[in-house]
Amino acid sequence: MLTADQVIDQQKNLQASWFGLTAKAFEGYEKLVELNLQVAKTALGEAAETAQQAITVKDPQELWALQTALLQPSAEKAVAYSRHLYDIATSTSSEFVKLAESQVADAQVKFGAVVDNATKNAPAGTENAVALVKSAVAAANNAYESLHKAAKQATDIAESNFNAVTSTAVKATQTAARSAKRATA
């Protein structure tokens, strides 16, 4: 049985966790806004520079060369932007996962203590029921651990795939840029 002090402590912990998560969410959002502002500022400066270069173009080949020169950096910037977005999302979600893991571990310990306390005070002749409850708790803990490991593996695979796609995209734009340069030469 929980006492009033235990309930109050639990509520305080939940409130602290909630405000901690809220702060982390705002921190992630702030990073996203900063990234987007920086990208917008850089894009505006580069657009002005490109417009100045385009004005000085004298023939179609120069224009083609200018477009080709812009192709690779643009693709690389898009990949870098995606990478930054991924990093922000990953770091923010990892904070949520850490807190969730901590809460689950704490709940497992507390529930285990409740079960142990209940089994110690169980009336004679209920040994089978006590064993069944302990077995169910152990099975639930094992299931949680299995799900946690599977989620971790899925996250690792997704990150690996993201890195592979990013690498392929960069290589493809580099190849396209080289081909375009050869075509104009």
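Residues numbered from 1 in each chain as written. Predicted model: local features only at pLDDT ≥ 70, side-chain atom pairs only at ≥ 80, totals over all residues. Heavy atoms only, no water.

Attention now moves to the overall build of the protein. Check the secondary structure of the protein and you find three helices and zero strands. Walking the protein from its N terminus toward its C terminus, one meets helices and strands in the order α-α-α. Computed over the C-alpha atoms, the radius of gyration of the protein is 28 Å, more than 25% above the 16 Å expected from 2.2 N^0.38 for a compact globule of 185 residues. Taken along its principal axes, the extent of the C-alpha atoms in the protein is 100 × 30 × 10 Å. Partitioning the contacts of the protein with sequence separation of at least 6, the portion at a separation of at least 24 is 78%. Carbon and sulfur atoms make up 64% of the accessible area of the protein, which amounts to about 13,500 Å² in all. Charged side chains of the protein number 17 positive and 19 negative; the gap between the two group centres comes to 5 Å. (Helix = DSSP H or I, 4+ residues; strand = E, 2+ residues; numbered from the N terminus. Rg over C-alpha atoms; globule rule 2.2 N^0.38 Å. Contact = heavy atoms within 4.5 Å. Areas by Shrake-Rupley, 256 points an atom, 1.4 Å probe, with all protein chains shown as cover. Lys, Arg positive; Asp, Glu negative; His and termini not counted. Charge placed at Lys NZ, Arg CZ, Asp CG, Glu CD.)

Let's shift gears to a nonpolar patch on the surface. A surface patch of nonpolar side chains, about 310 Å² in accessible area, is lined by Tyr29, Val33 and Leu37. Tracing the chain through its elements places Val33 in helix H1 (residues 4-55). (Patch = residues over 30% accessible without salt bridge, like charges linked within 9 Å, V, L, I, M, F, W, Y side chains within 5 Å. Salt bridge = Lys/Arg side-chain N within 4 Å of Asp/Glu carboxyl O.)

Our next topic: the pattern of salt bridges. By the definition in use, this model includes five salt bridges. In this structure, the salt-bridge partner of Lys77 is Glu46, at a minimum N-O distance of 2.3 Å. Of this pair, Lys77 sits in helix H2 (residues 60-120) while Glu46 sits in helix H1, placing them 31 residues apart in sequence. For Lys77, a relative accessible area of 41% puts it in the partly exposed group. Its salt-bridge partner being Arg83, residue Asp87 comes within 3.9 Å of it at the nearest N-O pair. Placement of both Asp87 and Arg83 in helix H2 is noted, with a separation of four residues, approximately one turn of the helix. Taking relative accessible area as the criterion, Arg83 reaches 24% and is therefore assigned partly exposed. Each of the salt bridges in this network shares a partner with another, and the network as a whole consists of Lys24, Glu27 and Lys31. (Buried < 20%, exposed > 50% of the residue type's maximum accessible area, 1.4 Å probe, protein only.)

Compared with an ideal rise of 1.5 Å per residue, which puts 52 residues at 76 Å, H1 spans 76 Å between its outermost C-alpha atoms and is within 8% of the ideal. Of all the positions in H1, only Ser17, Leu21, Gly28 and Leu35 are classed as buried. Tucked into the core, H1 has its buried residues touching H2. (Expected span 1.5 Å × (residues − 1).)

As a further point, take the side chain of Thr92. Counting through the fold element by element, Thr92 comes out in helix H2. With relative accessibility at 17%, the residue Thr92 sits in the buried group. There is a polar contact of 2.9 Å between the side chain of Thr92 and the backbone oxygen of Ile88. Not counting residues within four places of it along the chain, the set of residues in contact with Thr92 comprises Lys24, Ala25 and Gly28. (Polar contact = N/O pair within 3.5 Å; in protein donor to acceptor, adjacent residues only side chain to side chain.)

Below, the discussion takes up H2. The end-to-end C-alpha distance of H2 is 88 Å, a good match for the 90 Å that 61 residues give at a rise of 1.5 Å each. Regarding H2, the residues found buried are Leu66, Thr68, Ala75, Val79, Tyr86, Ile88, Thr92, Gly112, Val115 and Thr119. Its side-chain oxygen 3.1 Å from the backbone nitrogen of Gln61, Asp59 forms the N-cap of H2.

Before going further, it helps to examine the environment of Ile88. As for its placement among the helices and strands, Ile88 is situated in helix H2. Distance from Ile88 to Asn163, taken between C-alpha atoms, is 15 Å for residues 75 residues apart in sequence. Excluding residues within four positions of it along the chain, Ile88 makes contact with Gly28, Lys31, Leu32 and Leu35.

Mapped onto the fold, Gln52 is located in helix H1. Note: C-alpha distance between Gln52 and Ala172 (120 residues apart in sequence) is 28 Å.

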